[in-house]
Amino acid sequence: MLNESSVSDLKANLRGRVIERGDREYDEARKLYNAMIDKRPLLIAQCADVADVISSVCFGRENNLITAIRGGGHNGPGLGSCNDGLVIDLTPMKGVRIDPAQRTVRVGPGCVQGDVDHAGHAFGLAVPAGIVSTTGIAGLTLGGGHGYLTRKYGLTIDNLVEADVVLADASFLTANASHNEDLFWALRGGGGNFGVVTSFVFRAQPVSTVFAGPIFWNLEDGRQIMQWYRKFLPQAPVEFCPFFGLKTVPSMDPFPRELWGRRICALICCYNGPLDKAEEVMNPIRRELPSPILDWVGPMPFPALQSMFDPILPKGLQWYWKGDFVKELSDEAIDAHLSYAAKAPSELSFMHLYPIDGAVQRVGQNEAAWSCRDATWSMVIAGIDPDPAKAGAITAWAKQYWEAVDPYTLGGAYVNFMMEEGEDRIRATYGSNYERLVATKNKYDPDNFFRVNQNIEPTSRESEAIAAS
Ligand SMILES: Cc1cc2nc3c(=O)[nH]c(=O)nc-3n(C[C@H](O)[C@H](O)[C@H](O)COP(=O)(O)OP(=O)(O)OC[C@H]3O[C@@H](n4cnc5c(N)ncnc54)[C@H](O)[C@@H]3O)c2cc1C
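Residues numbered from 1 in each chain as written. Predicted model: local features only at pLDDT ≥ 70, side-chain atom pairs only at ≥ 80, totals over all residues. Heavy atoms only, no water.

## Examining the site of the ligand
As a reminder, the rule being used: Put simply, a residue is near a molecule or strand once any heavy atom of it comes within 4 Å of that molecule or strand. Nitrogen and oxygen atoms within 3.5 Å of one another constitute a polar contact, given that in protein one can donate a hydrogen and the other can accept it, and given that sequence-neighbouring residues count only through two side-chain atoms. For accessible areas, the Shrake-Rupley method is used with a probe of radius 1.4 Å. Any residue's cover is judged against the shown protein chains and nothing else. By definition, any uninterrupted DSSP run of H or I lasting at least four residues is a helix, any uninterrupted run of E lasting at least two residues is a strand, and each is numbered from the N terminus.
Taken together, 34 residues sit near the ligand, with Gly 71, Gly 73, Leu 79, His 146 and Tyr 414 positioned nearest. A distance of 2.6 Å separates an oxygen atom of the ligand from a polar backbone atom of Gly 71. In isolation the ligand offers 960 Å² of accessible surface; the protein chains occlude 97% of this area. Residue assignment for the shell around the ligand shows that the elements contributing at least two residues are β3 (67–70), α5 (137–143), β10 (196–203) and β17 (318–326). Counting residues per element, the shell around the ligand draws most heavily on α5, which supplies four residues.

## Points about the sheet that holds strand β6 (residues 104–107)
Defined as follows: Only when DSSP finds a minimum of two bridges between them are two strands counted as paired. Only the contacting stretch of a helix is used when fitting its axis, a line to C-alpha atoms as for every element, and angles between N-to-C directions run 0 to 180 degrees.
Strands sit in the order β5-β6-β10-β8-β9 across an open sheet of five strands; the sheet is antiparallel. Either end of the sheet is taken by a strand with one partner, and the two such strands are β5 (96–99) and β9 (172–176). Strand-to-strand twist of the sheet, defined as the mean angle between neighbouring strand axes without regard to direction, takes the value 15°. Here strand β8 (residues 160–166) pairs with β9 via five bridges, running antiparallel. Its bridge partner being in β9, Val 166 is matched across the sheet by Phe 172.

## Notes on the environment of Phe 417
Here is the rule we go by: Contact definition: two residues touch when any of their heavy atoms are within 4.5 Å.
Looking at where Phe 417 falls in the secondary structure, it is placed in the loop between α12 (391–405) and α13 (423–430). In this structure, the C-alpha to C-alpha distance between Phe 417 and Val 452, residues 35 residues apart in sequence, is 16 Å. Ignoring sequence-local partners within four residues, the contact set of Phe 417 consists of His 146, Trp 321, Lys 322, Gly 323, Tyr 354, Ser 378, Met 379 and Val 380.

## Some remarks on the nonpolar core
Cut-off, in case you're wondering: Only buried residues count toward a nonpolar core, which is a set of Ala, Val, Leu, Ile, Met, Phe, Trp, Tyr and Cys residues joined through side-chain atoms within 4.5 Å. Burial classification: accessible surface area is computed with a 1.4 Å probe over protein chains only, and a residue below 20% of its type maximum counts as buried, one above 50% as exposed, and the rest as partly exposed.
Of all hydrophobic cores here, the largest spans 129 residues; its most connected members are Phe 244, Leu 246 and Ile 285. Looking at this core element by element, the count peaks at eight residues for strand β14 (residues 263–271). If we skip the residues at most four places from it in the chain, Leu 246 touches Leu 219, Met 226, Ile 264, Cys 265, His 337, Leu 338, Ala 341, Ser 349, Phe 350, Met 351 and Tyr 401. If you look at the next biggest cluster of nonpolar residues, it comprises 21 residues, including Leu 10, Leu 43, Val 53 and Leu 86.

## Some details on helix α1 (residues 4–13)
Put simply, the test is: The arc under discussion is defined with respect to the helix axis, by the directions toward the C-beta atoms.
Restricting attention to buried positions, one finds in α1 the residues Ser 6, Val 7 and Leu 10. One side of α1 holds all its buried residues, which, seen down the axis, span an arc of 105°. Away from its buried face by more than 90 degrees, α1 exposes Glu 4 and Ala 12. Those residues of α1 hidden inside the fold are in contact with β1 (18–20), β2 (43–46) and α3 (50–62). Backbone nitrogen of Ser 5 and a side-chain oxygen of the N-cap are separated by 2.8 Å at the start of α1; the cap is Asn 3.

## Quick look at the pattern of salt bridges
The cut-off we apply is this: Counted as salt bridges are all cases of a side-chain nitrogen of Lys or Arg within 4 Å of a carboxyl oxygen of Asp or Glu.
This model, assessed by the stated rule, comprises 27 salt bridges. The salt bridge partner of Arg 24 is Glu 25, with a shortest N-O separation of 3.8 Å. Owing to a relative accessible area of 77%, Arg 24 belongs among the exposed residues under this scheme. Given a relative accessible area of 24%, Glu 25 falls into the partly exposed group. We note a salt bridge from Arg 106 to Glu 162, for which the minimum N-O separation is 3.7 Å. You can see Arg 106 sitting in strand β6 and its partner Glu 162 sitting in strand β8, a full 56 residues away along the chain. For Arg 106, a relative accessible area of 36% corresponds to the partly exposed category. Among the charged side chains, a network of salt bridges with common partners joins Lys 322, Asp 324, Glu 421 and Arg 425.

## Overview of the packing of aromatic side chains
Put simply, the test is: Between rings of Phe, Tyr and Trp, where Trp is taken as its six-membered ring, a pair exists when centres lie within 6.5 Å; planes separated by under 30 degrees are stacked, by over 60 edge-to-face, and by other angles tilted. Lysine NZ or arginine CZ positioned within 6 Å of the ring centre and within 35 degrees of the ring normal marks a charge as sitting over the ring.
Tallying each qualifying case throughout the model produces 21 aromatic pairs. The interplanar angle of 50° and the centroid separation of 5.7 Å between the aromatic rings of Tyr 33 and Trp 319 together place this pair among those described as tilted. Of this pair, Tyr 33 sits in the loop between α2 (26–30) and β2 while Trp 319 sits in strand β17; the two residues are 286 residues apart in sequence, bridging distant segments of the chain. Here Tyr 33 matches Trp 319 in class, with each residue buried. Members of the aromatic cluster, connected to one another through ring pairs, are Tyr 33, Tyr 148, Phe 243, Phe 309, Trp 319, Trp 321, Phe 325, Phe 350, Tyr 354, Trp 370, Tyr 414 and Phe 417. The lysine or arginine in question, Arg 61, covers the ring of Phe 449, its NZ or CZ lying 5.5 Å from the ring centre.

Structure below.
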């Protein structure tokens, strides 16, 4: 039971609101992007500034509360919330400040992808990050972050310059390449394990109008397209990032009615190079592949591409997803993909292969917590449907599909494409960086206060004492 006077003190200390069970706003405030996850925290502290975050961390500790950190609330297994504990909700902390001279962007932890795209576009700049405008930039960054600019400019963490952090003991520090380097290393892929990030500084890259959009083929052409794609991608210019999808045409405008509900394979393209070279870059697709059933590739402002999926994937759908890192696409893997794509349980369910080659591979395996620097793709298999009654079917499909293709992958997965899958998967993901992450956790959060995440468990104090004796 929470002490009422300490809750009153928290309310008095915060510039932001504290929402409790029974408050009118409670149900709206606790909602997550994935409606399959229904968590009921005791308190939601909507922090307005760093001082609010410090007070909230103190409150969580003093009251021995399980404490979650919420950025955009997009996490698949709902790790931006918790049951019967405290949510440190950063949603109100939204500022974006561009420094065009230095080409850097300071981003508040409540920002979503679209906030950063919108602010940067006015300056012809973008932070390499994700592909859906509603995704929280904080959780995405701390897990790694990939999207259309990744092949040219690397992961989001490869463009992170600095982060301000409130630690588990409520102290505050800044981590960058020359201060608190161990923490800076761990934040670049290690998720929310080390503290609450209250501000990010990113390098911004020159991006304005891109040549981009979707191309669809019938699923029957899938084998030919996938075999072509596995050869094409590694030698394609890094400015060109076509991701591959096995999907169904959504039964909605603006898609042509005659295609609604049709199973397809797709390349969702983005070329961020000189526009007069775009047709030349696209030529192999047009010359070497069958005629597509839809081709909507053309010049568009980068934020328009980034919001393309928004109407298809609104908040409140049921989601179950699983991922893997993929280096090669064998014929056997392609067979397995095509057989499960043909059995997708809903129109919105998909498999995507996002390229993480190019610039990602130019960073060493141990330079940041994200260790997988030799994969070609980050794969996600997502079962999605609006109807809660289909939760079982989409979950079963995603699990069975994943089991069929997992033998052809590198083992670990992007932490932001995992459900709660246990320690072995987390270890496999971080590989040779895992022990260093544990050592960093021991230093910055030895009591595992921040444990609502893909958790790096600290070594217990007793076992440390035994090891030292
Ligand atoms: C529709 C959709 C599209 C996506 N597209 C992409 C994509 O293109 N590229 C990509 O890389 N990923 C993508 N993702 C995955 C995305 O990166 C994860 O879902 C990520 O967890 C979202 O971050 P969030 O801030 O919204 O999450 P939240 O649910 O708010 O938080 C998730 C976790 O992040 C941590 N966290 C959040 N904020 C902070 C903070 N300030 N300090 C410390 N820890 C924090 C916490 O551990 C928390 O448990 C997508 C997800 C969805 C649902």
